[in-house]
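Observations on chain architecture
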Amino acid sequence: MSVSQYSLILTAVDFSAQSENLIARALAMRDLCGARLCLLHVVEYLPMAYSGDLVLPEGFDLEQELLDVASRQMATLGERLGVPAGDCHVEIGNTGHTILRVAEELGADLILVGSHGRHGLAVLLGSTARSVLNGAHCDVLAVRVPED
Ligand code: AMP
């Protein structure tokens, strides 16, 4: 497949300052391919992780709060990049699995994901880029992003 044949590019964004490289590459690929660009952020909500030391007010829905914050960040990013709201996705779940699921659902033919190229523990545990590369049914472009 030639680069110009990519028609739907899914870019996984974590909203970090370091991912500007990834965003710049996504825009460049969109323009180069004349493709549709979709953005995805995944909220990894682990209720057990909060249960020990955090007392939440009664009726406070932490999951909804996290989704609301992420949706606002996504709306700002989508506006900045000229990506229509319908192509800006916020989902809840495991990051790697959710990126793969949404890529399948949208029929993405290219996934863009940032890669830190870290060593040590991150290699043992597997980074997001690693799990996406392992499970994807389409091409994956792992874009080098700077360390924190
Ligand atoms: P990581 O290896 O988890 O530090 O993340 C590397 C890349 O995975 C980021 O540059 C993003 O492309 C993607 N990523 C990480 N976390 C998320 C998230 N919560 N939602 C969407 N993409 C993410």
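Here's what I pulled together on the structure shown here.

So, on to the sheet that holds strand S1 (residues 8-12). Spatially, S3-S2-S1-S4-S5 is the arrangement adopted by the five strands of the open sheet, whose pairing is parallel. Looking at strand neighbours, the two that pair on one side only are strand S3 (88-92) and strand S5 (139-144), the edges of this open sheet. Sheet twist, expressed as the average angle between the axes of neighbouring strands with direction ignored, equals 25°. Alignment of S1 against strand S4 (residues 110-115), held across three bridges, turns out to be parallel. Across the sheet, Leu10 pairs through a bridge with Ile111, a residue of S4. On top of the sheet, helix H6 (residues 128-135) reaches S4 and S5; it is set at about 155° to S4, its chief contact.

This part covers the environment of Leu39. Within the element layout of this structure, Leu39 appears in strand S2 (residues 36-43). Relative accessible area serves as the criterion here: at 1%, Leu39 is assigned to the buried category. Expressed as a C-alpha distance, the spacing of Leu39 and Ile111, which sit 72 residues apart in the sequence, is 9.9 Å. For Leu39, the residues in contact, after removing those within four places along its chain, are Leu10, Thr11, Met74, Leu77, Gly78, Leu81, Val83, Asp87, Cys88 and His89.

Now for the site of the ligand. Near the ligand there are 14 residues, and of these Ala12, Val42, Gly114, His116 and Thr128 occur at the shortest range. Within the backbone of Val13, an N or O atom sits 3.4 Å from a nitrogen atom of the ligand. In the model, an oxygen atom of the ligand is placed 2.6 Å from a nitrogen or oxygen of the Thr128 side chain. When the ligand sits alone it has 480 Å² of accessible area, and the protein chains cover 86% of it. In a pocket analysis with a 2 Å cut-off to the grid points, the ligand is assigned to the largest pocket. Listed by contribution, the elements that provide at least two residues to the shell around the ligand are S2 and S4. It is S2 that contributes the most residues to the shell around the ligand, three residues altogether.

Thresholds applied
Here the residue numbers are simple positions, counted from 1 along each chain's written sequence. It should be noted that, the model being predicted, local features are given only for residues of pLDDT at least 70 and side-chain atom pairs only at 80 or more, the latter also being counted only at that level, while totals for whole chains, interfaces and linings use all residues. Side-chain measures here rest on the full set of heavy atoms in the structure, leaving out hydrogens and waters. When DSSP finds two or more bridges between two strands, those strands count as paired. Under the scheme used here, helices are H or I runs from DSSP no shorter than 4 residues and strands are E runs no shorter than 2 residues, and both carry numbers assigned from the N terminus. For every element, the axis is a line fit to its C-alpha atoms; helices are fit only across the contacting stretch, and the angle between N-to-C directions ranges from 0 to 180 degrees. By definition, residues are in contact when any of their heavy atoms lie within 4.5 Å. Partly exposed describes any residue whose relative accessible area lies between the buried limit of under 20% and the exposed limit of over 50%, with all areas from a 1.4 Å probe on protein chains only and scaled to the type maximum. Summary of the distance rule: residues count as near a molecule or strand when at least one heavy atom falls within 4 Å of that molecule or strand. Under the rule applied, a polar contact is a pair of N or O atoms within 3.5 Å (in protein, one hydrogen donor and one hydrogen acceptor; residues adjacent in sequence only if both atoms are side-chain atoms). In short, Shrake-Rupley with a 1.4 Å probe defines the accessible areas, and a residue's cover is counted only from the protein chains shown. Cavities and pockets were defined on a 1 Å grid built over protein atoms only: a cavity is a set of grid points that admits a 1.4 Å probe from which the probe cannot escape, a pocket is an open set flanked by protein on both sides within 12 Å along at least five of seven lines, and lining residues are those with an atom within 4 Å of any such point. To decide whether a molecule occupies a pocket or cavity, check its atoms: if more than half lie within 2 Å of the grid points, it is inside.

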